[in-house]
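Chain by chain, the residues:
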Amino acid sequence: MTAKLEYVFYIGTKPEEVWEVLFHPEKSFQAFLGGVIRSSCRVGDDIEFVGPGADGEQTVHIYGKVLEYEPHRILSYTDHPGPSHYPQHAEMESRVRLTLEPVGSCTKLHLVNDQWTDDNPLFAKTEQYWWMILSNIKSIAETGRPLDFGF
């Protein structure tokens, strides 16, 4: 059986507003628990999630390649942990595919994180954090405020 994480959230706003939470640095910093997306978002180009950490303010927490990109609709990329997190980071990979779809006056956010390399130690940690990140995206898109997780 292949490891797979899958989440569906309904968010009370338009896909464009949810997309802004992903890509506007101030909002994404809150949504991604202190990181922002850095990428040209062209298929084949690099994507990084950077923020404060072991290597300073621009620590690379996640990196990969853009697989699919359609503004306000699709973001897909390969996912590796940053070099300061694991010495074997380049060997540890999964795929993330996030889609936004209008449903009435809401947005359906569907995220699939799959194609995990065997025995990838990030699976359990990622399973815990996607719930927090996606809940934050929903909260920021609907209220303008992130959730307080106590850290």
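Everything below is about the structure printed above this text.
Quick summary incoming for the structure in this document. (Residues numbered from 1 in each chain as written. Predicted model: local features only at pLDDT ≥ 70, side-chain atom pairs only at ≥ 80, totals over all residues. Heavy atoms only, no water.)

**Topic: the overall build of the chain**
A tally of helices and strands in the chain yields three helices and seven strands. Walking the chain from its N terminus toward its C terminus, one meets helices and strands in the order β-α-α-β-β-β-β-β-β-α. Here the C-alpha atoms of the chain give a radius of gyration of 15 Å, agreeing with the 15 Å that 2.2 N^0.38 yields for 151 residues. Viewed in the frame of its principal axes, the chain has a C-alpha envelope of about 45 × 35 × 30 Å. The buried share of the chain, taken over its 151 residues, is 41%. Partitioning the intrachain contacts of the chain with sequence separation of at least 6 by distance along the chain shows that 46% fall at a separation of at least 24. Accessible surface for the chain amounts to roughly 8200 Å². Of this, 51% is attributable to carbon and sulfur atoms. (Helix = DSSP H or I, 4+ residues; strand = E, 2+ residues; numbered from the N terminus. Rg over C-alpha atoms; globule rule 2.2 N^0.38 Å. Buried < 20%, exposed > 50% of the residue type's maximum accessible area, 1.4 Å probe, protein only. Contact = heavy atoms within 4.5 Å. Areas by Shrake-Rupley, 256 points an atom, 1.4 Å probe, with all protein chains shown as cover.)

**A word on the side chain of T126**
Here T126 is to be found in helix α3 (residues 122–143). Among the polar contacts listed, one links the side chain of T126 to the backbone oxygen of L122, at a separation of 2.8 Å. Sequence-distant contacts of T126, that is, excluding residues within four places in its chain, are made with L5, Y7, N113 and W116. (Polar contact = N/O pair within 3.5 Å; in protein donor to acceptor, adjacent residues only side chain to side chain.)

**Looking at the environment of F151**
Along the chain, the position of F151 falls in the segment after α3. The exposed category is assigned to F151, whose relative accessible area is 67%. Between the C-alpha atoms of F151 and L33, which are 118 residues apart in sequence, the distance is 9.4 Å.

**Structural notes on unusual backbone geometry**
The residue C41 is not glycine, and still its phi comes out positive at about 65 degrees. Inspection of the secondary structure assignment puts C41 in the loop between β2 (36–39) and β3 (46–53). Classification of C41 by relative accessible area gives buried; the value is 8%. Even without glycine at this site, D119 takes up a positive phi of about 55 degrees. Among the residues examined, D119 registers a relative accessible area of 78% and is labelled exposed.

**Overview of the layout of surface pockets**
When its volume is computed, the largest pocket comes out at roughly 650 Å³. Together, 21 residues line the largest pocket, and F32, H61, I62, Y129 and I133 are the ones closest to its centre. When residues of the lining of the largest pocket are traced back to their parent elements, those giving at least two are β3, β4 (56–70), β5 (74–81) and α3. By residue number, the principal contributor to the lining of the largest pocket is α3, which donates six residues. (1 Å grid on protein atoms, 1.4 Å probe; cavity = no way out; pocket = protein on both sides within 12 Å on 5 of 7 lines; lining within 4 Å. Points joined across faces, edges and corners; volume = space filled by probe spheres on them.)

**Some remarks on the sheet that holds β3**
Strand order across the open sheet formed by seven strands is β1-β7-β6-β5-β4-β3-β2, with antiparallel pairing between neighbours. Strand pairing shows two members of the sheet lacking a second neighbour, β1 (5–11) and β2, which therefore form its edges. Between one strand axis and the next, the sheet turns through 25 degrees on average, direction left out of account. Both β3 and β4 contribute to a ladder of seven bridges, which runs antiparallel. When the bridges of β4 are listed, G53 appears paired with G56. Sitting on the sheet, α3 is in contact with β1, β5, β6 (94–103) and β7 (106–114), with an inclination near 10 degrees to β1. (Pairing = 2+ DSSP bridges. Axes fitted to C-alpha atoms, helices over the stretch in contact; angles between N-to-C directions.)

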